[in-house]
Amino acid sequence: MIDAVNPRVELPAGLVETRAIVLLPGCTLDEAVAPVEVLIEEGLPILSLSPGQRLTPSMLRRVFGRRLLVGTHDLRTPADAQWAVSEQAAFALTLGDDDQLRSELAAAQIPQCPAALTPTEIANAWKQPDAAAVQVVPAGVLGTGYPAQLAALLPDIAVLARGAESVHEVKAWLGAGAVAVCLADRLIGDALHRGDLSALRSRARPIVEATRTRS
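Everything numeric here is computed off the predicted structure, so don't read it as measured data.

**Q** Give me the overall build of the chain: which residues, what numbers.
**A** From N to C terminus, the chain includes ten helices and nine strands. A compact globule built from 215 residues would reach a C-alpha radius of gyration of about 17 Å, and the chain, at 16 Å, matches this within 12%. Expressed as lengths along the three principal axes of its C-alpha atoms, the size of the chain is roughly 45 × 40 × 25 Å. Classification of the 215 residues of the chain by burial places 52% in the buried group. For the chain, the exposed surface amounts to about 10,000 Å²; the carbon and sulfur share of it is 52%. Distance between charge centroids for the chain: 5 Å, based on 19 positive and 24 negative side chains.

Structure follows, in structure tokens:
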């Protein structure tokens, strides 16, 4: 339940509607422009970047404007949080348990999602008043029966599934009520290295179809 005195910062409406986040690996702006255009056209406009890479959220926003929403992932330290704040990240997928990192993000009203795997870990992560949702990481390791079992045990916790990227896994997590899935290497493939953009479209379309199917 949400604390009425200290309400959680909500995830962006666009993320909740799209139900998918694409985690871009390290690349340059030149490498990213064409694949990102494909992702937007195919219905995957919610992206995430990690700290320390050459591409930043502000760079993408200058090119694509309001056509996309850019957050951050793999934040571990207060310096990472400060980077996310300076880049006006739309959300933050965090790792570790650093109080200052959480405080920096909370002060900037950036919705943050701590990482966990087991029901106990997920319940404890959700107790953090700053948690907008909990990343289940790695979401694919316990099989496609886990999402429904987890939802039965913890029905009131908002979760993001990270590490479950096949269409079957995506359907299992979203069907069990996950807020969104996080997509990465399996979707992106070689698209950032002058790969086949038609193949990227082909990989994206069944994923998007799965996200648009409501139980």
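**Q** Mind laying out the packing of aromatic side chains, listing which residues take part and the relevant values?
**A** Scanning the entire structure with this criterion turns up one aromatic pair. Where Tyr146 meets Trp173, the ring centres are 6.1 Å apart and the plane angle is 80°; that geometry is what we call edge-to-face. Placement of Tyr146 in helix α7 (residues 146-153) and of Trp173 in helix α8 (residues 167-175) is noted, with a sequence separation of 27 residues between them. Assigned by exposure class, Tyr146 and Trp173 land together as buried. In this arrangement the basic side chain of Arg8 is found over the ring face of Trp126, its NZ or CZ atom lying 3.7 Å from the centre.

**Q** Describe the pattern of salt bridges, naming the residues involved and giving the relevant values.
**A** The tally for this structure, following the rule as stated, stands at seven salt bridges. Between Asp97 and Arg102 there is a salt bridge, with its nearest N and O atoms 2.5 Å apart. Here Arg102 ties to Asp99 by a salt bridge, and the two come within 2.4 Å at their closest N and O atoms. With Arg102 and Asp99 both in helix α5 (residues 99-107) and three residues apart, this pair spans about one turn of that helix. Arg102 sits in the buried class, given a relative accessible area of 17%.

**Q** I'd like a description of the sheet that holds strand β4 (residues 92-94), backed by residues and values.
**A** A sheet is described by the order of its strands in space; here nine strands give the open sequence β5-β4-β3-β2-β1-β9-β8-β7-β6, paired in parallel fashion. The outermost strands of the open sheet, each flanked by one partner alone, are β5 (112-113) and β6 (115-116). Bridge count for strand β8 (residues 159-162) against strand β9 (residues 180-183) is three bridges, and the pairing is parallel. Pairing of Ala161 across the sheet is with Val181, part of β9.

**Q** Can you explain unusual backbone geometry? Please cite residues and give values.
**A** In this chain, Val137 is followed by Pro138 through a cis amide linkage whose omega measures -10°. Checked against the element boundaries, Pro138 lands in the loop between β7 (134-136) and α7. A positive phi angle, close to 70°, is found at Arg19, a residue other than glycine. If you trace the backbone, Arg19 turns up in the loop between α1 (13-18) and β1 (20-23).

**Q** Run through helix α6 (residues 119-126), naming residues and quoting values.
**A** Helical geometry: 3.6 residues make up each α-helical turn, so side chains three or four residues apart lie on a common side. Among the residues of α6, Ile122, Ala125 and Trp126 are the ones counted as buried. Each buried residue of α6 lies within a common arc of 100° when the element is viewed along its axis, so the set occupies one face. Buried residues along α6 sit against β6, β7, α7 and β8.

**Q** Give me the lowdown on α5, citing residues and values where you can.
**A** Looking only at α5, the buried set comprises Leu101, Arg102, Leu105 and Ala106. All buried residues of α5 fall inside an arc of 130° around its axis, so they share one side. For α5, the exposed residues lying more than 90 degrees away from the buried face are Asp99 and Ala107. Its side-chain oxygen at 2.9 Å from the backbone nitrogen of Gln100, Asp98 defines the N-terminal cap of α5. Looking at the residues trailing α5, positive phi occurs at Gln109, about 60°.

**Q** An account of the pairing of β1 is requested, with residue identities and associated values reported.
**A** Residues Ala20 and Val22 of β1 are buried on one face, and the alternating residues Ile21 and Leu23, pointing to the opposite face, are buried as well. Across three bridges, the pairing between β1 and β9 is parallel. Following the sheet pairing, Val22 is matched in β9 by Leu183. Note that β1 and strand β2 (residues 46-49) share two bridges and pair parallel. In the strand pairing of β2, Val22 is matched with Leu47. In this fold, the crossover linking β1 to β2 by way of helix α2 (residues 29-42) has right-handed handedness.

Reading the values: the criteria
- Residues numbered from 1 in each chain as written.
- Predicted model: local features only at pLDDT ≥ 70, side-chain atom pairs only at ≥ 80, totals over all residues.
- Heavy atoms only, no water.
- Helix = DSSP H or I, 4+ residues; strand = E, 2+ residues; numbered from the N terminus.
- Rg over C-alpha atoms; globule rule 2.2 N^0.38 Å.
- Buried < 20%, exposed > 50% of the residue type's maximum accessible area, 1.4 Å probe, protein only.
- Areas by Shrake-Rupley, 256 points an atom, 1.4 Å probe, with all protein chains shown as cover.
- Lys, Arg positive; Asp, Glu negative; His and termini not counted.
- Charge placed at Lys NZ, Arg CZ, Asp CG, Glu CD.
- Phe/Tyr/Trp six-rings, centres within 6.5 Å; stacked < 30°, edge-to-face > 60°.
- Lys NZ or Arg CZ within 6 Å of the ring centre and 35° of its normal.
- Salt bridge = Lys/Arg side-chain N within 4 Å of Asp/Glu carboxyl O.
- Pairing = 2+ DSSP bridges.
- Arc of directions from axis to C-beta.
- Contact = heavy atoms within 4.5 Å.
- Polar contact = N/O pair within 3.5 Å; in protein donor to acceptor, adjacent residues only side chain to side chain.
- Right-handed = clockwise from strand over helix to strand, strands pointing away.

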